[in-house]
Amino acid sequence: MTSYCGAPPHPYDWLERWNFDPVLLVALAIAATMALRSPHPRLALASVGVLAVVFVSPLCALSVALFSARAVHHVLLVAVAAPFAALALPARGYRYLGIAFAISTATLWAWHLPALYDRALGNTATYWLMQLSLLGTAIWFWRELFAAPPVTASMVSILAMAQMGMLGALLTFARAPLYASHAASTLPWGLEQVADQQLAGLVMWVPGVIPYALVTALIARRIWTRAAGTA
């Protein structure tokens, strides 16, 4: 199987597997140029930087071999790059927060269905549909969340944290391998497929919820500060 990021790497060569796809590099350069013109250029550039790590660095190739690396890839995409982009381009309202949460959650879960996931790893067009839909719906969600009043934002942030943790838990406790794409790619790394799958679940369950927990804590601090100021 050959993915957009190439064949599954081995432990001895994965650090050499940088992705210098000219179309991708041009797209990132355009994004960086646009970031410099955004209301908050540092935040926008941080988002572009995370995208470069996700798609240009050896993480891209590693995520073809290990589902656990793919989990890191997805967490960086939806819970790091997306909120940075949302902060750089703030929304004016939160009218569609509930819809944005539902669609972004459904998108994340759908791409972890075995049939869709395996298709994405074996077809470049589907691969980019996965990446762009995950990133786009996540940015929409975070923009709406950051524009919402503190109490509403904190409640939805907790729900978002819960759904990420729940997906991670389901993967952690799955007893059978789910993804044909990784049927043999984990073995050179000394991992059975189920063990790699469980590791991926732990990535989403523990570090994957940290960005949501940080946002929830910051929102709670805003609520506390406002309450103290009006007391």
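See the structure printed just above.
Engineer: Quick question: what am I supposed to make of the packing of aromatic side chains here?
Structural biologist: Two numbers describe a pair of aromatic rings. These are the distance of the centres and the angle of the planes. One pass over the full model with this rule turns up 14 aromatic pairs. For the pair Phe 173 and Trp 205, a centre-to-centre distance of 5.6 Å together with 70° between the ring planes defines the contact as edge-to-face. Pair noted here: Phe 173 is in helix 8 (residues 150–173) and Trp 205 is in helix 9 (residues 193–205), with a separation of 32 residues, a long-range link. The exposure class assigned to Phe 173 is exposed, which follows from its relative accessible area of 58%. A connected cluster of aromatic rings, assembled from ring pairs, spans Phe 101, Phe 141, Trp 142, Phe 146 and Tyr 212.

Engineer: Help me understand the side chain of Gln 163 in this model?
Structural biologist: On the secondary structure map, Gln 163 appears in helix 8. Engagement of the side chain of Gln 163 in a polar contact is seen with the side chain of Trp 109, the distance being 2.9 Å. Excluding residues that lie within four positions of it along the chain, Gln 163 makes contacts with Phe 101, Thr 105, Leu 108, Trp 109 and Tyr 212.

Engineer: Sorry, what's going on with the layout of surface pockets here?
Structural biologist: Rolling a probe over the atoms, with the probe sized like a water molecule, indicates the empty space that remains. Taken as a whole, the largest pocket spans an internal volume of roughly 320 Å³. Every residue lining the largest pocket is counted, 15 residues in all, and those nearest its centre are Pro 83, Leu 87, Phe 146, Val 215 and Leu 218. For the lining of the largest pocket, the secondary structure elements donating two or more residues are helix 4 (67–88), helix 7 (124–147) and helix 10 (210–230). When residues of the lining of the largest pocket are assigned to their parent elements, the largest contribution, six residues, is made by helix 10. Within the lining of the largest pocket, the residues separate by chemical class into 14 nonpolar, no polar and one charged.

Rules behind the numbers
Residues numbered from 1 in each chain as written. Predicted model: local features only at pLDDT ≥ 70, side-chain atom pairs only at ≥ 80, totals over all residues. Heavy atoms only, no water. Phe/Tyr/Trp six-rings, centres within 6.5 Å; stacked < 30°, edge-to-face > 60°. Helix = DSSP H or I, 4+ residues; strand = E, 2+ residues; numbered from the N terminus. Buried < 20%, exposed > 50% of the residue type's maximum accessible area, 1.4 Å probe, protein only. Polar contact = N/O pair within 3.5 Å; in protein donor to acceptor, adjacent residues only side chain to side chain. Contact = heavy atoms within 4.5 Å. 1 Å grid on protein atoms, 1.4 Å probe; cavity = no way out; pocket = protein on both sides within 12 Å on 5 of 7 lines; lining within 4 Å. Points joined across faces, edges and corners; volume = space filled by probe spheres on them. Nonpolar A, V, L, I, M, F, W, Y, C, P; charged D, E, K, R; others polar.

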